[in-house]
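# Results of the structural survey
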Amino acid sequence: VQLQASGGGLVQAGGSLRLSCAASGRTFSTYVMGWFRQAPGKEREFVAASRSGGYTYYGDSAKGRFTISRDNAKNTVYLQMNSLKPEDTAVYYCAASNTPTYYARSYHYWGQGTEVTVSS
C-alpha cells in the first residue's frame, strides 16, 4: 500500500483544515487507517483512526475537534480539523494497519507527511 497525504498548510488559530490521504491498492477497505502527528522535538502522537463499518478512534488531543472519515470507493481517508490551536502544529502522517491500534509501531505503511502550521 502506498499512501499520499495532502491538505496541510498555514492556518490561523480557530481555523479549519481538511487533510486527505490517498491510498493505492485494491484492499484499502480492509485496512485500519490512522492519522498521527509529530511536532518538532516530540514523539509521534496518535490522532485518529478509522475502520471500515463506521468505527472511529480518537486521541485525546483530537476529541471534539477533529473528525476522521473514509471513502473506500476513492481509497481515501480524511481528517477534518476544526478549532485549530497553535499546539496542533506538526507534520501529520497517514498510516495503514491490519488492526485498530493507537501504537505507531503497529502501522506498517506510512505516507510522507503533510505539514500543518497554526499561527496564534
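Refer to the structure presented above.
In this text, all values refer to a predicted model and were calculated from it rather than measured experimentally.

### Points about the state of the cysteines
Taken as a whole and judged by the stated rule, the model has one disulfide. Here C21 is linked by a disulfide to C94, with a sulfur-sulfur distance of 2.1 Å. Here C21 and C94 share a disulfide; its torsion about the S-S bond, 60 degrees, makes the bridge right-handed. Pair noted here: C21 is in strand 3 (residues 17-23) and C94 is in strand 9 (residues 90-97), with a separation of 73 residues, a long-range link. For C21, a relative accessible area of 0% corresponds to the buried category. The exposure class assigned to C94 is buried, which follows from its relative accessible area of 0%.

### Overview of the sheet that holds strand 1 (residues 3-6)
Read from one edge to the other, the open sheet built from four strands follows the order 1-3-8-7, with strand pairing classed as antiparallel. Bordering the open sheet on either side are strand 1 and strand 7 (66-71), each of which pairs with just one other strand. When strand polarity is set aside, the average angle formed by the axes of neighbouring strands in this sheet is 15 degrees. One ladder, built from four bridges, connects strand 1 with strand 3; its direction is antiparallel. Counterpart to S6 in the pairing with strand 3 is S20.

What counts as what
- Residues numbered from 1 in each chain as written.
- Predicted model: local features only at pLDDT ≥ 70, side-chain atom pairs only at ≥ 80, totals over all residues.
- Heavy atoms only, no water.
- Disulfide = S-S within 2.5 Å.
- Helix = DSSP H or I, 4+ residues; strand = E, 2+ residues; numbered from the N terminus.
- Buried < 20%, exposed > 50% of the residue type's maximum accessible area, 1.4 Å probe, protein only.
- Pairing = 2+ DSSP bridges.
- Axes fitted to C-alpha atoms, helices over the stretch in contact; angles between N-to-C directions.

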